[in-house]
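What the coordinates show
If you want the building blocks of each chain, they are given just below.
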Protein chains: 2
Amino acid sequence: MSEKNYQIRLKSRPKGWVSPENFDYVEAEIPDIGDGQVLIRNLYLSVDPYMRGRMNDAPSYIPPFQIGEVLEAGVVGQVIKSNNPKFAQGDHVVGMLGWELYSRSDGSGLMKVDPSLAPLSYYLGILGMPGMTAYVGLTAIGEAKKGETLFVSAASGAVGSVVGQLGRIFGCHVVGCAGADDKVAYLTQELGFDRAFNYKTAGQVHKKLAELCPAGIDVNFENVGGEILEAALWNMSNFGRIVLCGLIAHYNDEKMAPGPRGMGLIIQRRLKVQGFIVFDHMDLGMEYIQKAAGWLKDGQLKYHESVAEGLDQAPQAFIGMLKGENFGKQVVKLD
Amino acid sequence: MSEKNYQIRLKSRPKGWVSPENFDYVEAEIPDIGDGQVLIRNLYLSVDPYMRGRMNDAPSYIPPFQIGEVLEAGVVGQVIKSNNPKFAQGDHVVGMLGWELYSRSDGSGLMKVDPSLAPLSYYLGILGMPGMTAYVGLTAIGEAKKGETLFVSAASGAVGSVVGQLGRIFGCHVVGCAGADDKVAYLTQELGFDRAFNYKTAGQVHKKLAELCPAGIDVNFENVGGEILEAALWNMSNFGRIVLCGLIAHYNDEKMAPGPRGMGLIIQRRLKVQGFIVFDHMDLGMEYIQKAAGWLKDGQLKYHESVAEGLDQAPQAFIGMLKGENFGKQVVKLD
């Protein structure tokens, strides 16, 4: 375990694709803690698509990263010093902390996690924000029901892989797409998707969807956007729901891309297109953690991680994730 | 009253804008009626934006018009012969009937209306499908609440003018746009809109909306699409609702136009974009008729019609309505 603190700070804002030059890897002090604060040794750090938006200087649901400041991420760590009665030395916690080895926190937004229930890194993925996002989106927003057809894009990703498995547990006909053949095989052979395809080699996505979803799509859990969202829109059933979770296809656009062609179908087929943020639904999120721990134990939920080693590898892990090079949830191991 | 029947039939499908050449005005037999049927003398005929979609040979929520067949419309008429126990000679009715002077019906979808409650033509507008559409969209889909900001496009139209007035009755801050200065004046001076603007002369619509809706738009009742929808999207408040009622800007497109730029805002601001068809919500529609008759009586609801005279004028009235040349609800008087 390092005796020093290291941090990754935002050096410059990317234009288009993120590059390693946008990050600074620097040595820093291990912070002192004051009254009510805790010192956390960070163990795992999560890199997620939404962070790309925070690198732009634009208002959003969370404020943008500032140049020269430490980047933020979902982090699992261990309390090593505590002046806060809610946390004891040795507690494992998850929260929004820095891309750094040691973080100081006043405990707000920090949640204790149980290391005996699942490996600690799971709290950044299937038992963390991505898993909760899948559950909230599929239930509160998508209202997925037994017998319905569910289509999920980026289906082997941190959120998508949970969406598809939950859809299966709920009794949906589950179709997914991913961008590599091994990911597609993983969806059907390991995660129990009914059908899956490689959107890069499938030809016209809307025709492929028409083939795999002959009764139409009732719930589209959308993580990608662009051509895939348009293809899904064209294949929606009457009264279908498009759960807008992410639009990763556009995160590196320098100019705003137009939306899908065929907006008129939203009227004709009485569709609902709804965006959501998991933080608005934390009650449901906690309900999910309870259920998911059980489903993991009895094998109904499976989980796959890509683990990068070392804080200095975090920028590359983040960039690779944006390009779809990871397989399953991308985390960075810090010790 | 004509002793003969006349009809307007679809002669050819329009490419792009509809033209008079797409219609045939022909003499026809006054139909005989069989068991359970009624013969109706049609008095008023409604021309509406959705009809443009039915002129294309494309599947939608109602089947396309067929070449050589009589066009269909909302019609108010009077029963002049009845073999159906539900309707007596002399009854006034509204229903989907032909662009013709005499129609035969088996009574399905036919509704009796009360000529003492309001002028008969009102059942094609403020007391008919357009009014019900406004109410259903604003309540069931838009969930408009007191104190919220409502923006409605095509605000002087058959649906929009009711939407804005209902918004006022519900206690919303109501902003509307229209395509002519006299229409804009009508919105604020007669219909009680809080603010209104001419989208053709206002410069960039999204800036105008930012000025008139400083707290953001909570409910966008969208009748137009294109640049106006995009501008509304950019000005939505968190948890806002976009009620997709019509996209008249696109009805004459030969190629599918792209959707609005800024789809990512749907996620960031947790928006809901929902399409609907009034026929799915007829209970609410009937609830509306009851309320609206009262509001009309006590002056809370106002109504303006454009009346074309004669069946042969119906194609031109329809085309003019698509181009925004009408002022208020466009109907055609048939006798």
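Residues numbered from 1 in each chain as written. Chains lettered and ligands numbered in written order. Predicted model: local features only at pLDDT ≥ 70, side-chain atom pairs only at ≥ 80, totals over all residues.

1. Some remarks on the relation of the copies chain B and chain A
One copy of the chain maps onto the other through a rotation about an axis followed by a shift along the same axis. So the rule is basically this: Superposing copies: least-squares fit, C-alpha atoms only, residues required to have pLDDT of at least 70 in both. We call two residues in contact whenever the C-beta atoms placed from their backbones are within 7 Å.
Once chain B has been moved 0.0 Å along the axis and rotated by 180 degrees, it coincides with chain A to within an RMSD of 0.0 Å. Here the copies are linked by what is in effect a two-fold axis. Residue Gly259 of chain B of chain B places its C-alpha closer to the rotation axis than any other residue of that unit, at 2.0 Å. When the interface residues of chain B are mapped onto chain A, 100% of them again lie at the interface, so the same face is used by both copies.

2. A closer look at the pairing of strand S8 (residues 149–152) of chain A
Residue and element names in this part refer to chain A. This is how the line gets drawn: Comment: burial labels come from other C-beta atoms within 10 Å of the residue's own C-beta, placed from the backbone, where a count of 20 or more is buried, 12 or fewer is exposed, and between is partly exposed. Where helices and strands are cited, they refer to DSSP runs of H or I of at least four residues and of E of at least two residues respectively, numbered from the N terminus. Two strands pair if DSSP finds at least two bridges between them. Clockwise travel from the first strand over the helix to the second, with the strands pointing away from the viewer, marks a crossover as right-handed.
Neither face of S8 is left uncovered, since the one carrying Thr149 and Phe151 and the one carrying Leu150 and Val152 both have all their residues buried. Of the strand pairs in this sheet, S8 and strand S9 (residues 173–178) are connected by 4 bridges, and their pairing is parallel. Along S9, the bridge assignment pairs Leu150 with Val174. Regarding topology, helix H3 (residues 160–169) serves as the crossover connection from S8 to the parallel S9, and that connection is right-handed. In the sheet, S8 pairs with strand S11 (residues 217–222) via 3 bridges, with the strands oriented parallel. Each residue of the ladder has a partner; that of Leu150, found in S11, is Val219.

3. What to know about unusual backbone geometry
The residue Glu143 of chain A is not glycine, and still its phi comes out positive at about 50 degrees. Counting through the fold element by element, Glu143 of chain A comes out in the loop between helix H2 (129–141) and S8. For Glu143 of chain A, a count of 14 C-beta atoms within 10 Å gives the class partly exposed. Located in the positive-phi region is Arg270 of chain B, a residue other than glycine, with phi close to 55 degrees. Note that Arg270 of chain B resides in the loop between helix H7 (264–268) and strand S13 (272–275).

4. Quick look at the domain arrangement of chain A
Residue and element names in this part refer to chain A. Test applied: Just so you know, the domain bounds were taken from an automatic or database domain assignment. All amino acids are sorted into three groups, where Ala, Val, Leu, Ile, Met, Phe, Trp, Tyr, Cys and Pro are nonpolar, Asp, Glu, Lys and Arg are charged, and the leftover types, Gly among them, are polar.
Under the domain assignment used here, chain A contains domain 1 (5–125 + 304–333) and domain 2 (129–279). Across the boundary between the two partners, domain 1 contributes 15 residues, which contact 14 residues of domain 2. Split by residue class, the side of domain 1 that touches domain 2 holds 5 nonpolar, 7 polar and 3 charged.

5. Observations regarding the interface of chain B and chain A
Every contact between the two is made by 27 residues of chain B and, on the other side, 27 residues of chain A. Where the side of chain B that touches chain A is concerned, the elements lending two or more residues are H7 and S13 of chain B. As judged from the 3 bridges shared by strand S13 (residues 272–275) of chain A and S13 of chain B, these two strands associate in the antiparallel manner. From the neighbouring strand, Val273 of chain A faces S13 of chain B, where its bridge partner is Val273 of chain B.

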